[in-house]
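A closer look at the structure
Single-letter residue listing:
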Amino acid sequence: MVAVFTFSASAFAQGGWAVEKTFHIGGEGGFDYITVDAKSHRLYVPRSTHTMVINADSGEMVADITGQKHNHGVAVVPELARGFISDGVGSIVIFDLKTNAVLATVAAKDDADGIIYDQSTGLILVSCGDAGVLVTLKADVDPKTAAIDPPIELGGKPEFLAADGAGKVYVNLEDKDQVAVVDLKARKVLAHWPVAPGGSPVGLSIDPEKHRLFVGCRKPQKMIVMSTDDGKVIGDLPIAAGVDATRWDGHQAFASTREGKLSVVEEKAGKWETAQSVTTGLGTKTMDVDDATHKIYLPTAEFEEGKAGARPLAKPGSFMIVVVGQR
């Protein structure tokens, strides 16, 4: 049974976002990118060797998809009733959104990590870090004969990615301090844009209407706002340590961090500024946003006392999801 803890809104007088509740889920394994399916109100959470399917309203577990080795993320395609899991050993798992049954496991490339669906091309896009490539797979592929398209060389080690819905995808190159601009039709890199004054870019999201990228950087700790027209940096905001994800909800951008601070940034009179910093708890490095319900979901756990210079270990069975909403 899931324990749900609710927090008083009066404790969060600093702004419009606050922690509303925490789903105490438990279960074994690490955790990485969380994905919200707004249509079904389900959360998809990779847990190293299995992927949890969780009711986004109650926190109850709906299903558990087993058989992965080192999973990272999930992309959902509701119109095809399919989901796709990136497995770091070099594969993509296709599953049925209705039954949660595995339909196929497709060979990809080493360190299959960030994964998204681009509706404009009908492609699943996967960044493969160690291989230094972008992998694409047709979302409607026949599971019996499924195979990736020829990989696109990126010129660096990719982390996360964001598509503009018009045939381009932007990919963070963590080791090069750059964003690679990829033309999906031509299947080639058009440009490499530096993220300075940020560095080590990992989190990435996009506002396709106003042509802006939101780049979460670790070294130094920055939220970089970049124009997708020319790569110009138009915003530079400090964030907490250990960012892993950024998101855009149509009005504001967010950066989630391992340090446990959720940065909320917005544009006012042509200038980007930090609107709020929400305390979400140690380890809340990734997130996803349900734009319809205005809820943000951040996975984390309780941690053991860490040794100097070492990352603290999660306590067994302590996995949880923190839910942030607008007051």
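Details of the structure are given in the entry above.
Read on for a plain summary of the structure. Bear in mind that the values here come from a model prediction, so they are computed numbers and not experimental data.

A few words now on the overall build of the chain. Helix and strand counts for the chain come out as zero helices and 29 strands. In terms of overall size, the chain behaves like a compact globule, its C-alpha atoms giving a radius of gyration of 19 Å where 327 residues would be expected to give roughly 20 Å. Burial analysis of the chain (327 residues in total) assigns 55% to the buried set. Expressed as a percentage of contacts within the chain between residues at least 6 apart in sequence, the contacts between residues at least 24 apart total 44%. Accessible surface, the chain as shown: approximately 13,600 Å² in total, 50% of it carbon and sulfur. Where the 33 positive side-chain charges of the chain centre and where its 42 negative ones centre are 1 Å apart.

Turning next to the environment of Thr279. Structurally, Thr279 is set in strand S26 (residues 271-279). By relative accessible area, which is 42% here, Thr279 ends up partly exposed. A sequence separation of 80 residues divides Thr279 from Gly199, and the C-alpha atoms of the two residues are 24 Å apart. Here Lys261 takes part through its side chain, which lies 2.8 Å from a polar atom of the side chain of Thr279.

Taken in spatial order, the four strands make up an open sheet running S11-S12-S13-S14, and their pairing is antiparallel. In this open sheet, the two strands that pair with only one neighbour each are strand S11 (112-118) and strand S14 (152-153). Judged from the two bridges that link them, strand S13 (residues 133-138) and S14 form a sheet pairing that is antiparallel. Across the sheet, residue Val133 finds its bridge partner in S14, namely Glu153.

As a further point, take the nonpolar core. Counting residues in each nonpolar core, the largest one holds 29 residues, and the members touching the most others are Leu125, Leu134 and Val169. Where this core is concerned, the elements lending two or more residues are strand S12 (123-128), strand S15 (158-163), strand S16 (168-173), strand S17 (178-183), strand S19 (201-207), strand S20 (212-218) and strand S21 (221-227). Ignoring any residue separated from it by four or fewer positions in sequence, one finds Leu125 in contact with Gly114, Ile115, Ile116, Asp118, Leu134, Val135, Thr136, Leu161, Ala163, Val169 and Leu184.

Once that is clear, we can look at the sheet that holds strand S10 (residues 102-107). Within the open sheet, the four strands sit side by side as S7-S8-S9-S10. Their pairing is antiparallel. Edge positions in the sheet fall to strand S7 (71-77) and S10, since each of these pairs with one other strand and no more. Each strand of the sheet is rotated relative to its neighbour by a mean of 20 degrees, with strand direction disregarded. Relative to strand S9 (residues 91-96), strand S8 (residues 82-87) runs antiparallel, the two being bridged by six bridges. Its bridge partner being in S9, Ser86 is matched across the sheet by Ile92.

Bridge analysis of S16 against S17 gives six bridges, and the strand direction is antiparallel. The partner of Val169 across the bridge, within S17, is Val182. Hairpin connection between S16 and S17: a loop of four residues separates the two successive antiparallel strands, and Asp177 in this loop has a positive phi of roughly 55 degrees. By the bridge criterion, six bridges tie S17 to strand S18 (residues 188-194) in an arrangement that is antiparallel. When the sheet's bridge partners are listed, Val179 is paired in S18 with Trp193. Where S17 folds back on S18, the antiparallel hairpin that results is connected by four residues, among which Arg187 adopts a positive phi of roughly 55 degrees.

Before going further, it helps to examine the side chain of Thr286. Structurally, Thr286 can be placed in the loop between S26 and strand S27 (288-290). Within polar-contact distance, the side chain of Thr286 engages the backbone oxygen of Asp32 at 2.8 Å. Ignoring sequence-local partners within four residues, the contact set of Thr286 consists of Asp32, Tyr33, Ile34, Asp244, Ala245, Ser256, Tyr297, Leu298 and Pro299.

The next thing to look at is the packing of aromatic side chains. Overall, the coordinates contain eight aromatic pairs when judged by the stated rule. Note on Phe31 and Phe319: the rings are 5.6 Å apart at their centroids and 50 degrees apart in plane angle, and the pair reads as tilted. Linking Phe31 in the loop between strand S2 (17-24) and strand S3 (35-37) with Phe319 in the loop between strand S28 (295-300) and strand S29 (320-326), this pair joins segments that are 288 residues apart in sequence. Phe31 gets classed as buried once you look at its relative accessible area, which sits at 16%. Through a chain of ring-to-ring contacts, three or more aromatic side chains come together here, namely Phe214, Trp248 and Trp272. Above the ring of Phe319, the side-chain terminus of Arg47 is found at 4.0 Å from the ring centroid.

What counts and how
- Each chain carries its own residue numbering, running from 1 in the written order of its sequence.
- Whole-chain, interface and lining totals are the exception, using all residues; otherwise, since this is a predicted model, local features are given only for residues with pLDDT of at least 70 and side-chain atom pairs are given and counted only at 80 or more.
- Based on all heavy atoms of the structure, the side-chain values leave hydrogens and waters out of the count.
- Only DSSP runs of H or I reaching four residues or more are called helices, and only runs of E reaching two or more are called strands; each is numbered from the N terminus.
- In this treatment the radius of gyration is a C-alpha quantity, and the globule benchmark scales as 2.2 Å times the residue count to the 0.38 power.
- Only protein chains enter the accessibility calculation, which uses a 1.4 Å probe. A residue is then buried if its area is under 20% of the maximum for its type, exposed if over 50%, and partly exposed in between.
- Residue contacts are defined here by distance: any two heavy atoms, one from each residue, within 4.5 Å place the two residues in contact.
- To measure how exposed things are, a 1.4 Å probe is used in the Shrake-Rupley method; for residues, cover is taken only from the protein chains shown.
- Charge counting treats Lys and Arg as positive and Asp and Glu as negative, with His and both chain ends excluded.
- For this purpose, a charge sits on NZ of Lys, CZ of Arg, CG of Asp or CD of Glu.
- Polar contacts, as used here, are pairs of N or O atoms within 3.5 Å; protein pairs need one atom able to donate a hydrogen and one able to accept it. Residues neighboring in sequence count only if both atoms are side-chain atoms.
- Note on pairing: DSSP must find at least two bridges between two strands before they are called paired.
- For our purposes a nonpolar core is just a set of buried Ala, Val, Leu, Ile, Met, Phe, Trp, Tyr and Cys residues, chained together by side-chain atoms within 4.5 Å.
- In this analysis an axis means a line fitted to C-alpha atoms, helices contributing only their contacting stretch, and an angle means the value between N-to-C directions, from 0 to 180 degrees.
- Pairing of aromatic side chains requires ring centres within 6.5 Å, counting the rings of Phe and Tyr and the six-membered ring of Trp. Pairs whose planes differ by under 30 degrees are stacked, by over 60 edge-to-face, and all others tilted.
- Note on geometry: a ring has a charge over it if NZ (lysine) or CZ (arginine) is within 6 Å of the ring centre and within 35 degrees of the ring normal.

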